[in-house]
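Results of the structural survey
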Amino acid sequence: MKAKIFFLSLVAFCTLTVRAAVVDTINVRSEAMNKNVQTVIILPGNGKTTSPVIYLLHGHGGNAKTWIGIKPNLPEIADRYGIAFVCPDGKNSWYWDSPVDPSYRYETFVSKELIDYIDANYPTVKDRKGRAITGLSMGGHGAMWLSLRHKDIFGAAGSTSGGVDIRPFPNNWNMSERLGKESENQKVWDSHTAINQIDRLKNGDLALIIDCGYSDFFFEVNNDFHKKLLKYNIDHDFIVRPGTHNGEYWRNSIDYQILFFKNFFERGNRH
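Examining the nonpolar core
Counting residues in hydrophobic clusters, the biggest one holds 52 residues, and the most contacted among them are Tyr55, Ile133 and Phe225. Filtering out sequence-adjacent residues up to four positions away, Phe225 remains in contact with Met144, Val164, Ala194, Ile195, Ile198 and Ile210. Ranked by size, the runner-up nonpolar core spans 26 residues in total, among them Trp67, Ile70, Ala78 and Phe261.

Spelled out as structure tokens, the structure:
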């Protein structure tokens, strides 16, 4: 009897072990920037052979560990839905390939080098049907910027409290260091703001979800982004609710986005 109880306990322990998500902090090489980029990856422990991936981009002043700090239960969510999360350190790059600073080539890194590394080293769905990207604040801009410009890579994208139009904020958040002063480089600023990438889209190119709190200083630019998507007849989810630009808002909003992406992944699997 004791042996039987021990065996059952061992089976239960192994089952729990298999189901536990793995959280790794790794360094991914960027040849474009000649450096390693710290990245947090959360892999589901659900026994699936491959997992879809949500790339999570942090905001200004953040790093690779921002998202797991805001949402400590991401490993549990990874297990529940069978989804991997990848969180790169984007510095204060706004996720551009800077036209004035060649050491900031984060568009190339995230949309090419990081994805190639993740797909080569982890059991991921290696197709846009299994890739989504989202982020908060600067990372919301980054997710829109990258997804609209790389529809062949990402099938779905989101933004929470995103700075989706940079031009009303010419003196903020190191943007002039990446683009040059707005007053002297208007064309560069116009061409590097996410809202001006919408004309690249046809309806159905991307599954899109955008949210912003009423009291957020980015609310108006998000509302303008929503209106421009409507003008171009681009289907999207646009969520507005009480809230400001803080971790409490993002901790709540990311749940809705993850569910949105989960549904997108499942639709892809049915086709």
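We are not done yet, so read on.
Digging into the pairing of strand 5 (residues 131–135)
Most of strand 5 sits out of view: 5 of its 5 residues are buried. Examined bridge by bridge, strand 3 (residues 53–57) and strand 5 share 5 bridges and lie parallel to one another. Looking across to strand 5, one finds that Leu56 is bridged to Thr134. Two strands pair when backbone bridges link them, and strand 5 and strand 6 (residues 156–160) are joined in this way by 2 bridges, in the parallel orientation. Within the sheet, the bridge partner assigned to Ala132 lies in strand 6 and is Ala156. The handedness of the strand 5 to strand 6 crossover, carried by helix 5 (residues 138–149), is right-handed.

Structural notes on the environment of Ala194
With respect to the helices and strands, Ala194 occurs in the loop between helix 7 (186–191) and strand 7 (207–213). For Ala194, a relative accessible area of 0% gives the class buried. Sequence separation of Ala194 and Lys181 is 13 residues, and the distance between their C-alpha atoms is 18 Å. For Ala194, the residues in contact, after removing those within four places along its chain, are His141, Met144, Trp145, Leu148, Val164 and Phe225.

So, how was this worked out
Residues numbered from 1 in each chain as written. Predicted model: local features only at pLDDT ≥ 70, side-chain atom pairs only at ≥ 80, totals over all residues. Heavy atoms only, no water. Core = buried A, V, L, I, M, F, W, Y, C linked by side-chain atoms within 4.5 Å. Buried < 20%, exposed > 50% of the residue type's maximum accessible area, 1.4 Å probe, protein only. Contact = heavy atoms within 4.5 Å. Helix = DSSP H or I, 4+ residues; strand = E, 2+ residues; numbered from the N terminus. Pairing = 2+ DSSP bridges. Right-handed = clockwise from strand over helix to strand, strands pointing away.

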